[in-house]
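A structural walkthrough
Residues per chain are reported as follows:
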Amino acid sequence: QVQLVESGGGLVQAGDSLRLSCAASGINFSRYGMSWYRQVPGKERESVASIFSSGNTAYADSAKGRFTISRDNAKNTTYLQIHSLKPEDTAVYFCHVYRSDWWGQGTQVTISS
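Okay, so let's go over this structure. (Residues numbered from 1 in each chain as written. Predicted model: local features only at pLDDT ≥ 70, side-chain atom pairs only at ≥ 80, totals over all residues. Heavy atoms only, no water.)

Of the two faces of strand β1 (residues 3–7), only one is covered, namely that formed by Leu-4 and Glu-6; the face formed by Gln-3, Val-5 and Ser-7 stays uncovered. As defined by bridge partners, β1 adjoins strand β3 (residues 18–25) across five bridges and the pair is classed as antiparallel. If you follow Glu-6 over to β3, its bridge partner there is Cys-22. (Buried < 20%, exposed > 50% of the residue type's maximum accessible area, 1.4 Å probe, protein only. Helix = DSSP H or I, 4+ residues; strand = E, 2+ residues; numbered from the N terminus. Pairing = 2+ DSSP bridges.)

Summed over the entire model, instances satisfying the criterion amount to four aromatic pairs. Measuring from ring centre to ring centre gives 6.1 Å for Tyr-32 and Trp-102, while their planes differ by 65°; the resulting arrangement is edge-to-face. Pair noted here: Tyr-32 is in the loop between β3 and β4 (34–39) and Trp-102 is in the loop between β9 (91–97) and β10 (107–112), with a separation of 70 residues, a long-range link. With a relative accessible area of 32%, Trp-102 lands in the partly exposed category. For the ring pair Phe-52 and Tyr-98, a centre distance of 5.1 Å and an interplane angle of 80° mean the geometry is edge-to-face. (Phe/Tyr/Trp six-rings, centres within 6.5 Å; stacked < 30°, edge-to-face > 60°.)

The next point concerns the nonpolar core. Judged by nonpolar contacts, the single largest core of 25 residues is most densely connected at Met-34, Trp-36, Leu-80 and Tyr-93. Of all elements in the fold, only β3, β4, β5 (46–51), β7 (67–72), β8 (77–82), β9 and β10 reach the threshold of two or more residues within this core. (Core = buried A, V, L, I, M, F, W, Y, C linked by side-chain atoms within 4.5 Å.)

Don't take any of this as a statement about function, it's just geometry.
The structure is reproduced here in structure tokens:
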């Protein structure tokens, strides 16, 4: 059974930083790419960042510069570091195994202005 459990979300002020975590189990973690998505009401879920098994990364244009995706294979965990948070970053952030049907439950990130 594949499980992805996000944590680290919360209510923060604009300009603050957050690090989201996604702990994976049930997969050979190091063999898979991992992605972060986000979704706000009324909009489609959008890709934010991916990190591949090679360690290479890819970012949505909207995420470049303020978002950093990383992984710790020893902990079966991927991270999304967000700096200089803006109100428009408010969303539910989801962890995803690249090119799979496996998703986490999501963690709410709310940025106050």
